[in-house]
Amino acid sequence: MALLQIAEPGQSAAPHEHKLAAGIDLGTTNSLIASVRSGKPSTLPDENGEHILPSVVRYLEDDVEVGAAARDTAQSDPLNTIVSVKRLVGRDVSELKTLGSQLPYDFVDLDKPVPRIKTVAGNVTAIEVSAEILKVLGKRAEDTLGGELDGVVITVPAYFDDAQRQATKDAAKLAGLNVFRLLNEPTAAAVSYGLDQGADGIHAVYDLGGGTFDISILKLNKGVFEVLSTGGDSALGGDDFDRVVAEWIMTKAGISDDADHGTLRHLMDLGRSLKERLSDSDSADISINIAGSQWSGSITREQFNELIDPLVKKTLQACRRAVRDAGISKEEIKDVVMVGGSTRVPRVRELVGELFNSEPLINIDPDKVVAIGAAIQANVLAGNQTDDDMLLLDVNPLSLGIETMGGLVEKIIPRNTTIPVARAQEFTTFKDGQSAMAVHVLQGERELVDDCRSLARFELHGIPPVVAGAARIRVTFSIDADGLLNVSAEETTSGVKAQVNVRPSHGLADDEVTEMLKASIEHAEQDVHMRQLREEQVEAQRVIEALKAAMSADAEQLLDEAEQQLLLGELQKLMDVSQSSDIKQIKDAIKTLEKASEFYVERRMNSSIQQAMAGHNVDEFK
Amino acid sequence: MLDFTQNYFELFGLPSDFRLDLDELSLRYRDLQKVVHPDKFASASEHEKRVAMQSATLVNEAYAVLKDPLKRAQYLLSLKGRNAEGENLTTTDAAFLMQQMQLREALDETREADDPLEALDKLLDTIKAAINEQIAKLTILLETSSQQDLDAAMESIFKMQFLKKLYSEAEALEAELEDMI
């Protein structure tokens, strides 16, 4: 008699069905990758046993160095060593907060949507720099887990705008990683904590990283994490603490604003080391020897607190607004979870504890908690935890609006709306025969275009020409589960769908990313064709497996004999070509099967909903 | 597509009543999202992902409407063929309009009060009570479908809109004052 294989509860019985997934914390200062193995999440170390990968990338003529080795040369090769690249993604160079009067790198293309940094290896965008970090992490995971990753969850600050999120996704694409989901950092931390402590209720997550600050208020209820509100500042972090200390030293030591890059980098590092020392001591001695001039002095914790207080107060302001936006009172918050290295600063803990009137929680390693939460979700999204009821319901952090007459912004989707969400707005033409129009989309809370963040201009083409004012163009703005915006448009009287061209204000256009990807594959001397073929084969497998799983679950209940035969026939057709080397053939077969099974997918969705609600009505009579 | 012939109440398996158990609504909302959310289809085909996206969006929209008393009332009226949004609403209740003017004046005066935040707090409570009064009225009016009651409901909705706008402005002032400390 064959032995029955009993698997651990929640684990897939067949080991070959286990998908390889990982969670990535792509931080301003440090990055980590984690994965769930044998039901337990843990960060993955490199070959030296180091879990943390400093987010530093150094460009050499024929090579790229990522991590500690790069960080250690930052002072000697500042123009080619990119630190804190997260502060650059999706932004203008003019927005950078810098030490001294010089920009930290040699920037070019300042007038284009995406600036570039001049290095000995060529001009690079912040997206490409981020991709280098992701590549190293991806490889580390594949080496450790022993196979190709099915997908990853990458965390982003909750307050990241559309441009910054899109840039992160583009970087993942360049690094060859399939992104299951972009996950907000505070939510990831909540997952790590919430599942660990198992406490239902309302929690606040105060996440102060190297370059970004987030505050999120979440409600946990039986495995469902519902974000009530989120706030923050995507240009405020521990780096700024370092900077104000460095500026203080410059003033005291009489170092002028136009000091060279190496000196400025050295001062920033000094600022950081003093910040860290003052977390444990009441005062710290300083002795510097820069460009021939010496200076020594000391700084007390009190002086340090005075320097950082304006910055910390800014975070408290965002906290108060988040509590208000959540529609709750401070007293309803069970605890405050501290995330991010800079929450080790005593003054931060003191002031946050005061505001929320509770001792901040610091027991999970603030450096790893985000990566662990991301790994947990990656494992769920990959389909490894079939009985898991965990669900993350997040919100958009910034209001979405469009530019209207007179440089004003009309809000279409308010901030802190649960995503995914869609809103439609109707427009009409104002010239006879007008066949195109442009919509300027922005993010922010202010009323003037100049005070909000420009996302992109969406050009709608193919509007049927009619008399001015007769067209009814319904533009639908939708924000997906990654927090990314999508725009579609339809002329409702004729049913014609407009063609939408996106021109991002602070990002790369789709074809630019494709070009970059092609170039990087060719540079690595891989075959672009092979890569695309592999992608289509993987997608074909996904579609095949999904349909098989669906049919084995409910074909008997939801499909009649004829429908079952039809689907099985189409399924076989795709299976036959799925391993061929003709990309177009596979693509077409996928499309055909999808079209054929559309009715089934919808029927299943409706049925699931009915079942879910029917379960309730039965309970009512118990 | 998803069964778009259902209205929001039907989607949640609830009767089309203004009276609603909010806890029950939240429970059903979570259960619905567990079934349709894109996270449940992260490894699925592109088409399934699209359907999930549309379904989850619909569920979020329905939840937002049913959860908020004002939106719920407006939605119920739309199901009964009345447009309770926008500029076609009005009131002839002079006493109400007078009260609004007084509340507005009170709001402007809080800045000069000895304890502005306390004065604001009291004002917010007053406005909230007025809003709850309208909610109580609507609960009764929306139980029937008589034209008279629906007319009265339209007026009640208009008043609630007015009060809610005032409440938002008071909250904005509170935020401003708190940040100045």
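Everything below is about the structure shown above.
In short, a report on the structure.

## With respect to the environment of Gly507(A)
All names here are of chain A. With respect to the secondary-structure elements, Gly507 resides in the loop between strand S28 (499–504) and helix H10 (510–523). Spatially, the C-alpha atoms of Gly507 and Arg165 are 9.9 Å apart, while their sequence positions differ by 342 residues. In this view, Gly507 contacts Pro113 and Val114; residues no more than four positions away in its chain are not counted.

## Points about the packing of aromatic side chains
Residue and element names in this part refer to chain B. All told, the structure shown has eight aromatic pairs over all chains when counted by the stated rule. Centre to centre, the rings of Tyr29 and Tyr63 are 3.8 Å apart; their planes meet at 5°, and the pair counts as stacked. With Tyr29 in helix H2 (residues 22–36) and Tyr63 in helix H3 (residues 46–67), this pair connects stretches of sequence that are 34 residues apart. Arranged with centres 5.6 Å apart and planes meeting at 70°, the rings of Phe158 and Phe162 form a pair that is edge-to-face. Pair noted here: Phe158 and Phe162 are both in helix H7 (residues 147–180), with a separation of four residues, about one helical turn.

## As for the interface of chain B and chain A
Facing the 42 residues of chain B at the interface are 45 residues of chain A. Of the roughly 3900 Å² buried between chain B and chain A on both sides combined, carbon and sulfur atoms contribute 55%. Three residues stand out in chain B for area buried against chain A, namely Arg30(B), Asp39(B) and His47(B), and they jointly supply 16% of the buried area on that side. If you look at where chain B meets chain A, you find three salt bridges. Between Arg181(A) and Asp39(B) there is a salt bridge, with the nearest N and O atoms lying 2.6 Å from each other. Summed over the shared surface of chain B and chain A, the number is seven residue pairs in polar contact (both at pLDDT 80 or more). Those elements giving two or more residues to the side of chain B that touches chain A turn out to be H2, H3 and H7 of chain B. If you tally residues by element for the side of chain B that touches chain A, the top one is H3(B), at twelve residues.

## Notes on the pairing of strand S9 (residues 116–119) of chain A
All names here are of chain A. In terms of strand pairing, strand S8 (residues 107–108) meets S9 through two bridges, oriented antiparallel. Following the sheet pairing, Val108 is matched in S9 by Arg116. Taken together, the three bridges between S9 and strand S10 (residues 122–124) define a ladder with antiparallel strand orientation. If you follow Lys118 over to S10, its bridge partner there is Asn123. Taking the residues between adjacent antiparallel strands as the criterion, S9 and S10 are bridged by two residues.

What counts and how
Throughout this description, residue numbers start from 1 for each chain and increase along the sequence as written. Going through the entries in the order they are written, you letter the chains from A and number the ligands from 1. Side-chain atom pairs in this predicted model are given and counted only at pLDDT of 80 or more, local residue features only at pLDDT of at least 70, and totals for whole chains, interfaces and linings cover all residues. Computation of side-chain values covers all heavy atoms of the structure but excludes hydrogens and water. Strands are runs of DSSP state E lasting at least two residues, helices are runs of H or I lasting at least four, and both sets are numbered from the N terminus onward. Throughout, a contact is declared for two residues whenever any of their heavy atoms are within 4.5 Å. Side-chain rings of Phe, Tyr and Trp (the six-membered ring for Trp) are treated as a pair once their centres are within 6.5 Å; stacked means planes under 30 degrees apart, edge-to-face means over 60, and tilted covers the remaining angles. Summed over both partners, buried area is the accessible surface (1.4 Å probe) that two parts give up on being assembled. Within this document, salt bridges are pairs made up of a side-chain nitrogen of Lys or Arg and a carboxyl oxygen of Asp or Glu, the two lying within 4 Å of each other. Under the rule applied, a polar contact is a pair of N or O atoms within 3.5 Å (in protein, one hydrogen donor and one hydrogen acceptor; residues adjacent in sequence only if both atoms are side-chain atoms). Paired strands are those between which DSSP finds at least two bridges.

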